[in-house]
Amino acid sequence: GIFPIQATLAGQTEFQTKIVYLGLSMTYLNHREIIPFIDTMDGFEYRIASLIHKMTKRNRKTIAFLTGHGERKITDELNTLSALLEQQYNVTEIAPDTDLSLDLTNVDVLIIPGPTTKVTDTTRDDLYDFLDSGGRALILVDPVRMDPLGGLTATTNLNDFSDFVERYGVEVEEDLVFDTEFSATLLFPTNIGNRRVQYPYY
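As a starting point, this report considers the structure included with it. (Residues numbered from 1 in each chain as written. Predicted model: local features only at pLDDT ≥ 70, side-chain atom pairs only at ≥ 80, totals over all residues. Heavy atoms only, no water.)

### A closer look at the sheet that holds strand S5 (residues 62-66)
Spatial strand order, S6-S5-S7-S8: four strands in an open sheet with parallel pairing. Of all strands in the sheet, those with a lone pairing partner are strand S6 (90-94) and strand S8 (136-140), marking the two edges. Within the sheet, the average angular offset between the axes of one strand and its neighbour, ignoring direction, is 20 degrees. Where S5 lies against strand S7 (residues 109-113), three bridges are found, and the strand directions are parallel. Looking across to S7, one finds that Phe65 is bridged to Ile111. (Pairing = 2+ DSSP bridges. Helix = DSSP H or I, 4+ residues; strand = E, 2+ residues; numbered from the N terminus. Axes fitted to C-alpha atoms, helices over the stretch in contact; angles between N-to-C directions.)

In structure tokens form, the structure reads like this:
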């Protein structure tokens with residue numbers, strides 16, 4: 001699984017082209033993990049530790065993403081997150097059944113990724129039971145919804161689930177994060193054409 005690549009080596013008086021293998025293969029019992037090409041050492045220790053953990057772990061825990069209430073999806077906005085989690089865990093989506101109840105029996109960690117429609121009382125009760133019995137959850141609350149295609153409008157998310165976390169002492173206000181470091185570049189139309197501007201609300 002590690003393929004040769006050409007590398008140019010610069011000496012004092014000449015250049016040389018050599019075939020090199022810049023990958024890594026690790027084997028443990030009947031498990032093998034491969035990094036086919038190591039292009040940077042940034043995060044390399046973490047990658048090694050993650051692969052070792054993946055090979056030596058026998059029982060993978062299950063992380064479930066709640067769906068059915070307008071949440072972000074693992075096939076769309078949360079694609080990168082779910083792909084990283086799948087390296088260590090069983091990742092699945094879970095939705096209320098026909099009577100609006102949730103079966104969280106085999107779930108180790110539940111992620112509730114920003115509901116935008118009403119969560120029924122039946123589903124809420126199942127979530128409270130899960131947490132009160134020692135279950136773990138990551139709850140993402142979006143009190144303000146941004147529409148990048150609708151004139152950069154911001155609207156209040158009336159079903160943001162902030163009232164659910166109040167029971168646990170968490171109060172979420174209707175605020176936006178203004179981040180000048182990690183913001184997106186958006187196109188704004190002007191009289192002389194489109195202009196790219198760093199927009200710190202994204």
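### Concerning the nonpolar core
Taken as a class, soluble globular proteins show a tendency for nonpolar side chains to be buried jointly. Counting 16 residues, the largest nonpolar core has Leu66, Ile94, Leu104, Val107, Leu110, Leu127 and Phe164 as the members making the most contacts within it. Listing elements by their share of this core, those giving two or more residues are S5, S7, helix H3 (121-132) and helix H4 (162-165). With four residues, H3 is the largest single contributor of residues to this core. In contact with Leu66, other than residues within four places in its own chain, are Glu71, Ile94, Leu102, Leu110, Ile111, Ile112, Pro113 and Leu127. (Core = buried A, V, L, I, M, F, W, Y, C linked by side-chain atoms within 4.5 Å. Buried < 20%, exposed > 50% of the residue type's maximum accessible area, 1.4 Å probe, protein only. Contact = heavy atoms within 4.5 Å.)

### So, the side chain of Ser82
Counting through the fold element by element, Ser82 comes out in helix H2 (residues 79-85). Classification of Ser82 as buried rests on a relative accessible area of 4%. Within the structure, Ser82 has its side chain in polar contact with the backbone oxygen of Asn79 (distance 3.0 Å). For Ser82, the contacting residues outside a window of four places in its chain are Ile74 and Val91. (Polar contact = N/O pair within 3.5 Å; in protein donor to acceptor, adjacent residues only side chain to side chain.)

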